[in-house]
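# Structural features, examined
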Amino acid sequence: MDTAGARPAADPPITATNGPATSWRYRVEARGASLFFAAMRLLPIDVASALGGALARRIGPWLGISKRARHNLKAAMPELSAADAERIVRGMWDNLGRVAAEYPHLRDIKVFPRGDFPERSERVAVAGIEHLDRAVAAGQKVIVFGGHLGNWEIAALAAGQYGIDVAQIYRAANNPLVDRMIARFRGTQGEFIPKGAIASRRALAALRRGAHLTLLVDQKLNDGIPVPFFGRPAMTAPALALLALHFDCTVLPARVERLRGAHFRLTIHPPLALPRSANRAADVAALMGAVNQTLEGWIREHPEQWFWLHSRWPD
């Protein structure tokens, strides 16, 4: 659903804004990532996850980008003490380090290991799958949304392993060489649609052929619409609401929680109600308001598991 595509991308062309220095930086970053992933792959997933978390927890809080996380926390949850905010920042880095270390093991994680959609697998507890079963059995198109919580890749794995035609909208990594590595780790289950100019067309085509969509909706979109999020207007992509209202989709929230180490819970929540009035813009805003409210509730429960490094609100 995010960070990687299913198809390898070509090396970026050298242009005025993407010249030799940028190309060289990409290669250096990719080499470091390759060594890290190779080392993590040699370890059992639980050991790799713990090591990745420990490294990120000790290094991440000292990086300059952590200032953005602290700023976002203060703006979103001003009631937090300084000590609590620092605990959340360390926890965020721990979670991100674990996600990175778990990438080489993704294809070994079976959310539905026996193909019979059990309530529990060895590594991922699944709850609420009946909401998806019910929508699919009724022949409804489904849009499943989530956020960058826990290891968000677990939801993408589940969608691919569920056994339906699904298109997953994702944001590619900034470094196309790293993006290519992550794509190999994820595998090729389902169609992957990169965010950007072609995303709307391909999402429309997927829904028209009867496929379902998954996407992460907690990132800022400068050209989006202002929707309340933690009590402040946040520029939010309206695509989910526009597609859901046009195709009369079932909109299912999907939450991934990290329970302990490299063990998770995936919860499919009941569908959100689709607003139906004579004002389409108001309906879109209302549905995206419900989406943001859902995400905010999840984040407040486990703030250390969310990606606070996004520029989510205007400064």
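The rules behind these values
Residues numbered from 1 in each chain as written. Predicted model: local features only at pLDDT ≥ 70, side-chain atom pairs only at ≥ 80, totals over all residues. Heavy atoms only, no water. Helix = DSSP H or I, 4+ residues; strand = E, 2+ residues; numbered from the N terminus. Buried < 20%, exposed > 50% of the residue type's maximum accessible area, 1.4 Å probe, protein only. Contact = heavy atoms within 4.5 Å. Areas by Shrake-Rupley, 256 points an atom, 1.4 Å probe, with all protein chains shown as cover. Salt bridge = Lys/Arg side-chain N within 4 Å of Asp/Glu carboxyl O. Pairing = 2+ DSSP bridges. Axes fitted to C-alpha atoms, helices over the stretch in contact; angles between N-to-C directions. Patch = residues over 30% accessible without salt bridge, like charges linked within 9 Å, V, L, I, M, F, W, Y side chains within 5 Å. Phe/Tyr/Trp six-rings, centres within 6.5 Å; stacked < 30°, edge-to-face > 60°. 1 Å grid on protein atoms, 1.4 Å probe; cavity = no way out; pocket = protein on both sides within 12 Å on 5 of 7 lines; lining within 4 Å. Points joined across faces, edges and corners; volume = space filled by probe spheres on them. pLDDT = per-residue confidence, 0-100.

Time to look at the overall build of the protein chain. Helices and strands together make up the secondary structure of the protein chain, namely 10 helices and 9 strands. Per-residue burial over the protein chain gives 52% buried out of 315 residues. Sequence separation of 24 or more characterises 76% of the internal contacts of the protein chain that already satisfy a separation of 6 or more. Here the protein chain has roughly 14600 Å² of accessible surface; of this, 58% comes from carbon and sulfur atoms.

Pairs can form between side chains of opposite charge once their charged atoms are near each other. On inspection of all chains with the given rule, the structure shows 18 salt bridges. Salt-bridge contacts for Arg98 lead to Asp94; the nearest nitrogen and oxygen are separated by 3.0 Å. Of the two residues, Arg98 and Asp94 both sit in helix H4 (residues 82–102), 4 residues apart, roughly one turn of that helix. Each member of the pair, Arg98 together with Asp94, is buried. Note that Arg255 and Glu301 form a salt bridge whose closest N and O atoms lie 3.2 Å from each other. With Arg255 in strand S8 (residues 250–260) and Glu301 in helix H10 (residues 280–301), this pair connects stretches of sequence that are 46 residues apart.

Attention now moves to the sheet that holds strand S5 (residues 212–216). Taken in spatial order, the 7 strands of this open sheet run S1-S9-S8-S2-S5-S3-S4, and their pairing is mixed. Every interior strand has two partners, whereas the edge strands, strand S1 (124–127) and strand S4 (191–194), have only one. Geometrically, the sheet is characterised by an average inter-axis angle of 20 degrees between neighbouring strands, direction not taken into account. Alignment of strand S3 (residues 166–170) against S5, held across 3 bridges, turns out to be parallel. Bridge pairing in S5 places Ala167 opposite Leu213. Strands S3, S4 and S5 of the sheet are contacted by helix H8 (residues 199–208), whose axis makes an angle of about 150 degrees with S4.

On the surface, Leu51, Leu55, Ile59, Leu63 and Ile65 cluster together into a nonpolar patch covering about 400 Å² of accessible area. Locating Ile65 in the fold gives a position in the loop between helix H2 (45–59) and helix H3 (66–76). With a relative accessible area of 37%, Ile65 lands in the partly exposed category.

The full count for this structure, using the stated rule, is 12 aromatic pairs. Aromatic side chains Phe145 and Trp298 sit 6.4 Å apart centroid to centroid with 20 degrees between the ring planes, which places their arrangement in the stacked category. Residue Phe145 is located in strand S2 (residues 142–146), and its partner Trp298 is located in helix H10; the two are separated by 153 residues in the primary sequence. With 4.8 Å between their ring centres and 85 degrees between their planes, Trp306 and Trp308 make a pair best called edge-to-face. Accessibility classification places Trp306 together with Trp308 in one group, the buried group. Members of the aromatic cluster, connected to one another through ring pairs, are Phe229, Phe230, Trp306, Trp308 and Trp313.

As paired elements, strand S6 (residues 220–229) and strand S7 (residues 232–236) share 6 bridges and run antiparallel to each other. Its bridge partner being in S7, Pro228 is matched across the sheet by Pro233. Linkage of S6 to S7, two consecutive antiparallel strands, is achieved through a turn of 2 residues, within which Phe230 is found at a positive phi near 55 degrees.

Along the polypeptide, Leu287 turns up in helix H10. Taking the C-alpha atoms as reference points, Leu287 and Pro275, 12 residues apart in sequence, are found 6.6 Å from one another. Apart from the residues within four sequence positions on either side, Leu287 is in contact with Leu240, Ala241, Ala244, Leu272, Ala273, Leu274 and Pro275.

The full count for this structure, using the stated rule, is 3 cavities of 30 Å³ or more. Of the pockets and cavities examined, the largest cavity occupies roughly 180 Å³. Along its surface, the largest cavity is lined by 16 residues, and Leu132, Val144, Ala158, Ala159 and Ile268 are the ones closest to its centre. It is helix H6 (residues 153–161) that contributes the most residues to the lining of the largest cavity, 3 residues altogether.

Attention shifts here to the confidence of the model for the protein chain. Overall, the prediction assigns the protein chain a mean pLDDT of 89, with 89% of residues at 70 or greater. Between residues 1–17, whose pLDDT stays under 50, and residues either more than four places distant or in other chains, the model counts 62 contacts.

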